There are 2 protein chains.
Amino acid sequence: MFTSLKAASAVLALEDRKAKDQALGNVAAALEAAQEEILAANAKDVEKARSGGMREALIDRLALSPGRIKGIIDEIHHIIGLEDPVGRVKAGWRTPIGLFIEQITVPLGTVSIIYESRTNVTVDAFCLAYKAGCSILLRGSSAALESNRVIVKAIKRGLAEGGIPDAVELADSGSRDEVDLILQARGWIDAVLPRGGAELIRRVVENAKVPVIETGVGNCHIFVDASADLAQGVEIIANAKLQRPGVCNAVETLLVHRDAVRQLMPLLAKRLTGKAELRCDREALAAIGSIPPALVVKDAVEEDWATEFLDYILAVKVVASLDEAVKHINSYGTSHSEAILTNDLSSANEFSRRVDAACVYVNASTRFTDGGVFGFGAELGISTQKLHVRGPMGLDALTTIKYKVTGSGHIRE
Amino acid sequence: MFTSLKAASAVLALEDRKAKDQALGNVAAALEAAQEEILAANAKDVEKARSGGMREALIDRLALSPGRIKGIIDEIHHIIGLEDPVGRVKAGWRTPIGLFIEQITVPLGTVSIIYESRTNVTVDAFCLAYKAGCSILLRGSSAALESNRVIVKAIKRGLAEGGIPDAVELADSGSRDEVDLILQARGWIDAVLPRGGAELIRRVVENAKVPVIETGVGNCHIFVDASADLAQGVEIIANAKLQRPGVCNAVETLLVHRDAVRQLMPLLAKRLTGKAELRCDREALAAIGSIPPALVVKDAVEEDWATEFLDYILAVKVVASLDEAVKHINSYGTSHSEAILTNDLSSANEFSRRVDAACVYVNASTRFTDGGVFGFGAELGISTQKLHVRGPMGLDALTTIKYKVTGSGHIRE
């Protein structure tokens with residue numbers, strides 16, 4: 001499996017954009033043709049998951065429909081429309097002795113993605129990798145096994161004519177040993193991307209001997225500065241908490257400047273009543289005043305500051321200063337997405353510079369951390385590490401560089 | 001130790017170039033003032049190493065002299081002259097809904113370098129890290145312990161006025177457990193760089209739970225194409241083998257196209273006689289013709305193709321085609337520096353595209369893979385991995401990016 005993936009990546013690395021786009025077009029057609037087969041396999045996965053007691057929210061992630069398959073296929077055409085990230089000369093210069101050095105983008109090689117039950121990731125990740133000239137080893141959840149098998153078969157059918165079918169493999173034994181095998185495959189896998197819950201990511205990071213790109217855990221904050229426009233601020237907070245609470249860029253803890261808390265909390269309590277539970281420190285709780293009958297509000301405990309709720313729960317803490325807010329974020333945060341709401345220029349600048357995170361927002365919702373929103377066309381995930389790539393990972397994250405050095409008999413003195 | 005390094009990196013990250021350069025100037029002055037103390041400590045290390053039976057070549061790496069200290073100090077002034085890699089806006093754009101996104105370079109954070117007995121690395125690595133706004137944990141060889149202690153003390157004295165002394169620490173317990181502690185320090189160390197022999201690098205890569213930048217092992221090749229200018233080629237080969245055989249960018253195996261071998265080998269044998277041993281396959285051996293009396297030549301064995309000799313030894317193999325050369329390199333090479341000698345344009349292009357290495361040379365010695373030669377001013381090592389940085393690592397390798405996203409009440413629909 002590793003051998004054929006590596007061999008395929010060597011061939012795919014030399015393909016021009018036109019050939020890669022044509023192959024992806026064939027994949028789209030093959031998936032469209034296999035729609036009934038895919039839906040049937042997916043129905044089996046869903047039935048098994050349901051009888052196994054999977055929560056409906058997770059089943060919703062797993063389940064496919066003709067509309068969702070159309071969405072997946074549209075995404076392929078979208079990726080086809082993206083620029084080729086390979087073969088760009090990022091820099092070039094002549095050294096004092098006349099060596100000509102060019103820094104050229106090349107594919108990262110063979111990548112592996114270890115992910116949970118979302119079947120659209122199977123197609124998205126393959127297409128991004130193929131476009132970037134990389135072969136890919138997909139290790140999805142065992143809950144999506146039937147669906148993924150049929151999808152990968154269809155992809156390979158699409159690649160059979162003019163493409164490189166060996167550029168994609170599904171690790172489908174379903175055993176944990178298989179994951180360990182991937183994590184140990186030094187020399188065969190150039191990077192592994194865990195995409196899913198905190199536990200999956202921790203396990204990959206702890207055990208991998210191949211390079212890892214850590215993704216996704218987001219304990220995100222919004223800091224409401226004293227000068228913030230509070231009416232606007234309440235809408236931003238509500239958006240960051242309610243629009244899609246189960247994702248990594250949703251806000252989890254609100255930090256409120258002491259000078260803003262008495263005005264903010266009653267507005268916020270009103271806005272979130274019946275929609276989210278609040279876990280407040282004493283000062284924030286007191287600032288709510290008379291608590292609306294339908295508002296669920298609890299005393300915050302230390303653990304709340306460190307928790308990625310991924311739910312309709314918002315922790316609220318009062319801080320005395322921007323400095324205290326920054327220190328709290330840099331201590332409890334996961335370097336994902338952090339926002340300040342302010343109308344004070346120096347506060348905006350200080351927050352942006354001092355907060356250590358992939359994405360720092362001024363007067364905007366944290367929910368924007370996304371490859372699509374950023375203009376990358378599509379994304380493989382959100383990197384929360386500093387090495388190689390930070391924030392939304394698009395096609396560029398699947399490339400590295402090569403130096404081409406041209407001489408005319410140059411030797412080193 | 002980890003706590004104070006992390007705290008120091010947060011402060012250092014916000015320093016302007018002027019403050020960092022001034023601090024580095026103070027460090028240079030402090031090292032100059034401490035010269036006698038450094039030489040005395042180094043003499044102890046050298047004496048201990050010699051009585052412990054260390055090879056003279058290694059003692060030469062360890063030993064300092066007034067001239068070498070001057071060289072180290074000159075290097076600091078050179079680093080002071082380099083541009084600040086931090087705070088550059090690499091890209092910026094406005095999204096369709098008016099969010100303004102900037103991609104800004106920021107320091108990588110806290111790095112650690114684990115290295116062997118060269119004491120100049122202590123100063124070089126610190127200065128590069130400081131200039132890039134990173135704190136650094138230095139873990140040198142126990143053989144250089146006395147020298148490193150005095151050097152780091154002098155650096156800290158230099159940083160005492162206006163600098164950040166906590167931005168550098170020496171891990172000086174000398175125990176192996178200390179290395180393990182560094183390798184496990186997730187959340188404290190943003191990247192660890194092993195710099196030294198293959199065994200050190202393997203140990204770090206196998207055991208690290210923090211991100212690693214793999215450096216240095218170089219099993220480098222030169223492929224002599226049928227169209228090569230052989231007189232020029234012999235000089236390039238001699239340079240790549242003889243100029244400094246103990247370093248990672250020296251050539252280890254020569255691959256010769258069958259159509260060039262009869263002409264090349266007698267010239268090469270003559271050029272290397274008395275200077276390097278040849279380990280030839282049967283065809284290359286036969287092509288030498290009458291073997292000069294002083295030439296050491298042996299039959300190559302399979303193991304030779306995989307060996308980084310780091311010595312006056314050159315393996316030689318005949319190949320039938322460029323394709324065979326590329327396959328040999330991609331199979332036995334370490335993705336470091338690979339060269340083709342040719343006058344054929346399509347051969348040059350095909351070799352450059354197909355060989356999977358950090359640096360690919362056309363008609364030049366592999367010995368040029370070096371941060372100084374490339375124009376980076378100084379280097380931390382040569383990365384042989386694909387993630388984050390590839391080839392010579394200068395200041396840029398010590399940075400990552402942060403997205404600053406500015407809105408005006410933007411929420412996600």
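Residues numbered from 1 in each chain as written. Chains lettered and ligands numbered in written order. Predicted model: local features only at pLDDT ≥ 70, side-chain atom pairs only at ≥ 80, totals over all residues. Heavy atoms only, no water.

1. With respect to the side chain of A:Asp45
Residues and elements named next belong to chain A. Our working definition: Strands here are runs of E lasting at least two residues and helices are runs of H or I lasting at least four, both read from the DSSP assignment and numbered beginning at the N terminus. The buried label applies to any residue whose accessible area, calculated with a 1.4 Å probe on protein chains only, is under 20% of its type's maximum; exposed applies above 50%, and partly exposed to all values in between. Charge convention: Lys and Arg are scored as positive, Asp and Glu as negative, and His as well as the terminal groups of each chain are ignored. Put simply, a salt bridge is a Lys or Arg side-chain nitrogen that is within 4 Å of an Asp or Glu carboxyl oxygen. Contacts are assigned to residue pairs that have any heavy atoms within 4.5 Å of one another.
For aspartate 45, the position within the fold is in helix 3 (residues 35–51). Buried aspartate 45, no salt bridge; nearest opposite-charge side chain is lysine 48, N-O distance 6.1 Å. Apart from residues lying up to four places away in sequence, aspartate 45 is in contact with Leu62, Ala143, Ala144, Leu145, Glu146 and Ser147.

2. Some points on the packing of aromatic side chains
Note the following rule: Think of it this way: a Phe, Tyr or Trp ring, Trp meaning its six-membered ring, pairs with another when their centres are within 6.5 Å, and the plane angle makes it stacked under 30 degrees, edge-to-face over 60, tilted otherwise.
Scanning the entire structure with this criterion turns up twelve aromatic pairs over all chains. Taking 6.1 Å as the distance between ring centres and 55° as the angle between the ring planes, the aromatic pair formed by A:Trp93 and B:Phe376 counts as tilted. One end of the pair, A:Trp93, is in strand 1 (residues 89–94); the other, B:Phe376, is in the loop between helix 16 (371–374) and strand 14 (382–383), on a second chain. By relative accessible area, which is 24% here, A:Trp93 ends up partly exposed. Take B:Phe376: its relative accessible area is 21%, and that puts it in the partly exposed class. For the ring pair B:Phe374 and B:Phe376, a centre distance of 6.0 Å and an interplane angle of 70° mean the geometry is edge-to-face. Here B:Phe374 falls in the buried class, since its relative accessible area comes to 1%.

3. Points about the relation of the copies chain B and chain A
Applied cut-off: To line up the copies, we fit them by least squares on C-alpha atoms, keeping just the residues with pLDDT of at least 70 in both.
Once turned by 180° and shifted 0.0 Å along the axis, chain B lies on chain A with an RMSD of 0.0 Å. Here the copies are linked by what is in effect a two-fold axis. Taking C-alpha positions as the reference, the residue of chain B nearest the rotation axis is B:His388, at 1.8 Å. Taken as a fraction of all interface residues of chain B, those also at the interface in chain A reach 100%, which identifies the copy contact as same-surface.

4. Section: the packing of helix 5 (residues 66–80) of chain A against helix 6 (residues 119–131) of chain A
Residues and elements named next belong to chain A. Keep this limit in mind: In this analysis an axis means a line fitted to C-alpha atoms, helices contributing only their contacting stretch, and an angle means the value between N-to-C directions, from 0 to 180 degrees. Our angle categories are set so that under 35 degrees counts as roughly parallel, over 145 as roughly antiparallel, 65 to 115 as roughly perpendicular, and the remainder as oblique. Note: crossing handedness is left-handed where the near helix turns anticlockwise from the far helix by less than a right angle, and right-handed where it turns clockwise. Put simply, Ala, Val, Leu, Ile, Met, Phe, Trp, Tyr, Cys and Pro go in the nonpolar bin, Asp, Glu, Lys and Arg in the charged bin, and everything else, Gly too, in the polar bin.
Closest axis-to-axis distance for the helix 5/helix 6 pair is 10 Å, and the angle between their directions is 15°. By the angle class used here, helix 5 and helix 6 are roughly parallel. Note that helix 5 runs across helix 6; the crossing there is right-handed. Together, Ile72, Glu75, Ile76, Ile79 and Ile80 of helix 5 and Asn120, Val123, Asp124, Cys127, Leu128 and Lys131 of helix 6 make up the contact between the two elements. Split into classes, the residues belonging to the contact of helix 5 with helix 6 amount to seven nonpolar, one polar and three charged.

5. Observations regarding the sheet that holds strand 4 (residues 135–139) of chain B
Residues and elements named next belong to chain B. Stated formally: In this scheme, strands are said to pair when DSSP sees at least two bridges between them.
Spatial strand order, 5-4-3-6: four strands in an open sheet with parallel pairing. The open sheet terminates on both sides in strands that have one partner only, identified here as strand 5 (168–170) and strand 6 (191–195). Within this sheet the neighbouring strands show an average axis-to-axis angle of 15°, counted without direction. Here strand 3 (residues 110–115) runs beside strand 6; their pairing, made up of five bridges, is parallel. In the sheet register, serine 112 faces strand 6, and the bridge partner there is valine 192. Docked against the sheet, helix 7 (residues 145–160) engages strand 3, strand 4 and strand 5, running at close to 160° with respect to strand 5.

6. A few points about the pairing of strand 1 of chain A
Remark: a regular strand shows side chains that alternate across the two faces of the sheet. All names here are of chain A. Examined bridge by bridge, strand 1 and strand 2 (residues 100–107) share five bridges and lie antiparallel to one another. Residue tryptophan 93 lies in a different strand from strand 2, and its bridge partner there is isoleucine 101. Connecting the antiparallel pair strand 1 and strand 2 is a turn made up of five residues, with glycine 98 showing a positive phi of about 90°.

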